Amino acid sequence: VRGGDAYYINSSARCSIGFSVRKGSTNGFVSAGHCGRAGNTTTGYNRVAQGTFQGSSFPGNDYSWVAVNSNWTPRGWVNNYSGGNVAVKGSTAATVGSSICRSGSTTGWHCGTVQQLNASVRYSQGTVSGLTRTNVCAEPGDSGGSFISGSQAQGMTSGGSGNCSSGGTTYFQPVNEALSAYGLTLV
Ligand code: TYR
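These numbers were taken from a predicted model, which means no experiment stands behind them. (Residues numbered from 1 in each chain as written. Predicted model: local features only at pLDDT ≥ 70, side-chain atom pairs only at ≥ 80, totals over all residues. Heavy atoms only, no water.)

Please clarify how the pattern of salt bridges should be interpreted in this entry.
This model, assessed by the stated rule, comprises 2 salt bridges. Among the salt bridges present, the one from D5 reaches R2, with a minimum N-O distance of 3.1 Å. With relative accessibility at 10%, the residue D5 sits in the buried group. For R2, a relative accessible area of 23% corresponds to the partly exposed category. (Salt bridge = Lys/Arg side-chain N within 4 Å of Asp/Glu carboxyl O. Buried < 20%, exposed > 50% of the residue type's maximum accessible area, 1.4 Å probe, protein only.)

What is the right way to read the site of the ligand from this model?
Inspection of the region around the ligand gives 13 residues, with H34, G141, S143, S158 and S161 positioned closest. Between the ligand and S143 there is a distance of 2.5 Å, counted from an oxygen atom to a side-chain nitrogen or oxygen. In isolation the ligand has 340 Å² of accessible area, and contact with the protein removes 82% of it. No other element matches strand 14 (residues 152-163), which puts 5 residues into the shell around the ligand. Counted by class, the shell around the ligand contains 2 nonpolar, 9 polar and 2 charged residues. (Near = heavy atom within 4 Å. Polar contact = N/O pair within 3.5 Å; in protein donor to acceptor, adjacent residues only side chain to side chain. Areas by Shrake-Rupley, 256 points an atom, 1.4 Å probe, with all protein chains shown as cover. Helix = DSSP H or I, 4+ residues; strand = E, 2+ residues; numbered from the N terminus. Nonpolar A, V, L, I, M, F, W, Y, C, P; charged D, E, K, R; others polar.)

Can you help me understand the side chain of S146 in this one?
Residue position: S146 is located in strand 13 (residues 146-149). Judged by its relative accessible area of 0%, S146 is buried. Once residues lying within four places of it in the same chain are set aside, the contact partners of S146 are G3, G4, I17, G18, F19, V78, C101, R102, S103 and G155. (Contact = heavy atoms within 4.5 Å.)

Would you mind showing me how to read the sheet that holds strand 10 (residues 99-104) here?
Strands belonging to one sheet form pairs held by backbone hydrogen bonds; the direction of such a pair is parallel or antiparallel. Taken in spatial order, the 6 strands of this closed barrel run 10-11-12-15-14-13, and their pairing is antiparallel. Averaged over all adjacent pairs, the angle separating strand axes in this sheet is 55 degrees, with direction ignored. Here strand 13 pairs with strand 14 via 4 bridges, running antiparallel. Following the sheet pairing, S146 is matched in strand 14 by M156. (Pairing = 2+ DSSP bridges. Axes fitted to C-alpha atoms, helices over the stretch in contact; angles between N-to-C directions.)

Whenever I open this one, the environment of G168 confuses me. Can you help?
Among the structural elements, G168 can be located in strand 15 (residues 167-174). Owing to a relative accessible area of 17%, G168 belongs among the buried residues under this scheme. Separated by 19 residues in sequence, G168 and V187 place their C-alpha atoms 30 Å apart. When neighbours within four sequence positions are excluded, G168 is seen to be in contact with T134, N135, V136, C137, S161, G162 and N163.

This is the structure:
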């Protein structure tokens, strides 16, 4: 289990892993809320049975967490899509102007700058508040994937506009809110 890697919901739609977590002795990962509902099952990047959504909040928030089975090992890493990983060492929130990168299963690794904290975004399903706006591009399937600044976990890809050919604006759900909502710790 690694940030930025693909997973599939109920064997169909694809999203991306945010960060590996634990709740007591249960292993799992956080992702976007719009990726799945409690009870939905997941398969991994290799389509092997992986886990079950334990909780999900969307709209309002855009976070979720999935508990994984014993065939999956949570790693405190984010896929850099260049054959390596970035180690996650904490989750201190970055300030406006900070450099930030994103890992996701559609477009890989892209970087930019934090532009606004505590933004509200209106999606067709409703409004999500408390998001962070960036000028990092993303595309469908990158959702749920990791935003990281240096070695500090920041959040999970929510949505936005544009694409990775011409550039875009992408909002992320801060990870700390999800960790405290579900009593999770980063691996
Ligand atoms: N919301 C998209 C998903 O579910 C991710 C996305 C992010 C799409 C930014 C477009 C965009 O501009 O995969």
